[in-house]
Every structure is written in C-alpha cells, then in structure tokens.
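# Geometric and topological summary
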Amino acid sequence: MGIFKKLFGGKAMDSICAPVTGEAVAINQVSDPTFGEEILGKGIAIRPTEGKVYAPCDATVDMMFETGHAVSLIADCGAEILVHVGLDTVNLKGEHYHVIAKNGDKVKKGDLLIEFDHEAIAAAGYDIITPVVICNSGDYTTFETHVGKNVTAGDVVIELAK
C-alpha cells in the first residue's frame, strides 16, 4: 500500500494501537479538561476492562512516571504519545500499579509497560478511563480516530500523517 500511495499521491499513514483492552471513546468524553478539551493534544480514551498497558507502537520510553499511572513514549514515527491510566490517579502514589518498562527503554508494539489493578483503582473512587494523547498532534495534517467500539490492545485506534 505504501507504494500505491507514493505513486498516486496519497499520504503514508502511521498507526497508533490501543495500549489497553476496553471500550474506545472520543477524547471529549474524558471529564478532566486537560484531556477532554485536547489541551495536551488530540487523541482517544479507552475504558479498560483489564489491567495491562502495552506499547501502542515501536517507540522509546521517554518518561515512565514512578507512580506507574502514566507513561510518555516517542514513537519511531515521531509521534509523542501519552498514556494516562485513570484520572487523578497520581494521588494513589503508585498503589495498584506495577511498572515494567523504564525510561530510555526501546520497546516494540505489544511490549508490556505497566500492570494495574483496574478494579481496586475504581473501588478507591477513581475514574479508570485511560486517555491516549498525541502531544504533538499539531504536527499532523491527517488525524483519524477509531472510537465507539470495543478494542483489544494492539488494535489500530489512531492513524496520522504529516
């Protein structure tokens, strides 16, 4: 398909996959305005049904938060990705999270980055919706999201092109 697009003028699209399994929804369904109003960038959100965060593409771990509630990645394609597990979950100070990857790790799509107990986090009163934000989304002329359906970690949820 890349050759077809080059020959006939289409843009090559980069894919960002779901880092968690659950229901993919529009980012504006996130109640935190930092995410819902796209202050950090465009993206999607996923309501997780299991407690594992996987690399959404080949990337380098830019910042793994000590608390395990979030990770930022620099994709090989140049996208700056933030995966934030739950809202205000930094207040848990790492409780219910287990960090697997560390800063500087080179990861492949599907590598396990974080494990978390989504049921315990929800029982503690936190919304476990997980924003997946492309922080440099302004660098892309094409930005397509695939929401309104259940996804499995590894399913394409964002396609973008410069």
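All of these numbers come straight from a predicted model, not from anything done at the bench.

About the cut-offs
Residues numbered from 1 in each chain as written. Predicted model: local features only at pLDDT ≥ 70, side-chain atom pairs only at ≥ 80, totals over all residues. Heavy atoms only, no water. Helix = DSSP H or I, 4+ residues; strand = E, 2+ residues; numbered from the N terminus. Buried < 20%, exposed > 50% of the residue type's maximum accessible area, 1.4 Å probe, protein only. Polar contact = N/O pair within 3.5 Å; in protein donor to acceptor, adjacent residues only side chain to side chain. Contact = heavy atoms within 4.5 Å. Core = buried A, V, L, I, M, F, W, Y, C linked by side-chain atoms within 4.5 Å. Pairing = 2+ DSSP bridges. Axes fitted to C-alpha atoms, helices over the stretch in contact; angles between N-to-C directions. Salt bridge = Lys/Arg side-chain N within 4 Å of Asp/Glu carboxyl O.

What follows concerns unusual backbone geometry. In the Ramachandran plot, lysine 93 falls in the positive-phi region, its phi being about 55° despite a non-glycine side chain. With respect to the helices and strands, the residue lysine 93 is situated in the loop between strand 7 (80–84) and strand 8 (97–99). Located in the positive-phi region is histidine 96, a residue other than glycine, with phi close to 80°. Examined against the element boundaries, histidine 96 turns out to sit in the loop between strand 7 and strand 8. For histidine 96, a relative accessible area of 27% gives the class partly exposed.

Right, let's get into the side chain of threonine 67. Summarising the element assignment, threonine 67 is placed in the loop between strand 5 (59–64) and strand 6 (70–75). Using a relative accessible area of 18% as the deciding quantity, one classes threonine 67 as buried. There is a polar contact of 2.4 Å between the side chain of threonine 67 and the side chain of histidine 69. Contact partners of threonine 67, with chain neighbours within four places excluded, come to Val90, Lys93, Gly94 and Tyr97.

By size, the foremost hydrophobic cluster in this structure holds 36 residues, and its most contacted members are Val53, Val71, Leu73, Ile81, Leu113, Ile134 and Ile158. At the level of secondary structure, the elements contributing two or more residues to this core comprise strand 3 (42–48), strand 5, strand 6, strand 7, strand 10 (112–116), strand 11 (130–134) and strand 14 (156–161). Setting aside chain neighbours within four positions, we find isoleucine 134 in contact with Ile16, Leu40, Gly41, Lys42, Ala79, Glu80, Ile81, Tyr140, Phe143, Ile158 and Leu160. Ile27, Ala45, Leu87 and Val133 belong to the second largest nonpolar core, which has 10 residues in total.

Strand order across the open sheet formed by three strands is 1-14-12, with antiparallel pairing between neighbours. Two strands in the sheet have a free side with no partner beyond their single neighbour: strand 1 (14–17) and strand 12 (142–145). On average, adjacent strands in this sheet sit at an angle of 20° to one another, irrespective of strand direction. Across four bridges, strand 12 lies against strand 14 in antiparallel orientation. Among the inter-strand pairings, threonine 145 is bridged to a residue of strand 14, identified as isoleucine 158.

What follows covers the pattern of salt bridges. On inspection of all chains with the given rule, the structure shows four salt bridges. The residue arginine 47 makes a salt bridge to glutamate 23 at a minimum N-O spacing of 3.6 Å. Here the residue arginine 47 occupies a position in strand 3, and glutamate 23 occupies one in strand 2 (residues 22–26), the gap between them amounting to 24 residues. Glutamate 23 sits in the partly exposed class, given a relative accessible area of 32%. A salt bridge links lysine 108 to aspartate 58; the nearest nitrogen and oxygen atoms lie 3.8 Å apart. Taken as a pair, lysine 108 in the loop between strand 9 (106–107) and strand 10 and aspartate 58 in the loop between strand 4 (52–54) and strand 5 lie far apart in primary sequence, 50 residues in all.

This part takes up the environment of lysine 108. In the structure, lysine 108 is positioned 52 residues away from proline 56 in sequence and 8.3 Å away in space, judged by C-alpha atoms. Apart from the residues lying within four places of it in its own chain, the contact partners of lysine 108 are Ala55, Cys57 and Asp58.

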